Amino acid sequence: MRVRVALAEKGIPYRSREIDLSAKPPDLFGLNPKGAVPVLVDGPDVLVGSLKILEHLCERWPEPPLFPARLGHEAVTTTYDRIDGLFGPHLPRIARGTPEERVQALSAVRRAMGELDAEIPETGFLLGELSAADLALASVMAKLPRDWRPTQLGFERLARWERAVMQRPTVREQTGPPMALAG
């Protein structure tokens, strides 16, 4: 989702191919021996991983910037990596965990949201203007059940951020409705 939103933000035409992660095709391993996605093939360049792909796209197509110079590349990548560290370990338990694991994941997600809520500017995006870090957090929010979203959990600044980001046409088009949890 992060890469698709970036491509849309920049107006870059592309072809995508959905990969069934339970039956990865052999040609994926030809591009990336670990079989990880996303993978971007741009002429002779083969890039693996969202952050590397976003950096590549921003080098080739600098406008609009997703690593704004005013913010500094390192500030964006540090925040991007922090988002992955705060939320990434919990997403599998949210999607496929037992009821007990989901409760534990919610507790961890709430703590992570609390940390971010205290740091987000009153207005604007995570770092004040749209960046790759916002795409990272948007991809996490899109995976959370509706009742686990910032508005429902009472995180005011994060809820404002979510409304601003999730209402962007490029984000809305690339994310589905929040997932529903079964029983």
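Just so it is clear, the structure is predicted and the values come from calculations on it, not from any experiment.

Re the overall build of the chain
So, point 1. Counting secondary structure elements, the chain contains 10 helices and 2 strands.
So, point 2. Reading the secondary structure of the chain in the N-to-C direction produces α-α-β-β-α-α-α-α-α-α-α-α.
So, point 3. Expected size for 183 residues packed as a compact globule is a radius of gyration near 16 Å; at 17 Å, the chain falls within 12% of this value.
So, point 4. Burial status across the chain gives 44% buried among its 183 residues.
So, point 5. Partitioning the intrachain contacts of the chain with sequence separation of at least 6 by distance along the chain shows that 63% fall at a separation of at least 24.

Things to note about helix α3 (residues 50-60)
So, point 1. For α3, the tally of buried residues reaches 8 of 11 residues, placing the bulk of the element in the interior.
So, point 2. Taken together, the buried positions of α3 are Ser 50, Leu 51, Ile 53, Leu 54, Glu 55, His 56, Leu 57 and Cys 58.
So, point 3. Tucked into the core, α3 has its buried residues touching α1 (2-10), β1 (39-42), β2 (45-48), α4 (73-87) and α7 (132-143).

A short note on the pairing of β2
So, point 1. Note: β1 against β2, 4 bridges, orientation antiparallel. Bridge pairing in β2 links Leu 40 to Leu 47.
So, point 2. Hairpin remark: β1 followed by β2, antiparallel, with 2 residues in the connecting loop; positive phi at Gly 43, about 65°.

Criteria and thresholds
- Residues numbered from 1 in each chain as written.
- Predicted model: local features only at pLDDT ≥ 70, side-chain atom pairs only at ≥ 80, totals over all residues.
- Heavy atoms only, no water.
- Helix = DSSP H or I, 4+ residues; strand = E, 2+ residues; numbered from the N terminus.
- Rg over C-alpha atoms; globule rule 2.2 N^0.38 Å.
- Buried < 20%, exposed > 50% of the residue type's maximum accessible area, 1.4 Å probe, protein only.
- Contact = heavy atoms within 4.5 Å.
- Pairing = 2+ DSSP bridges.

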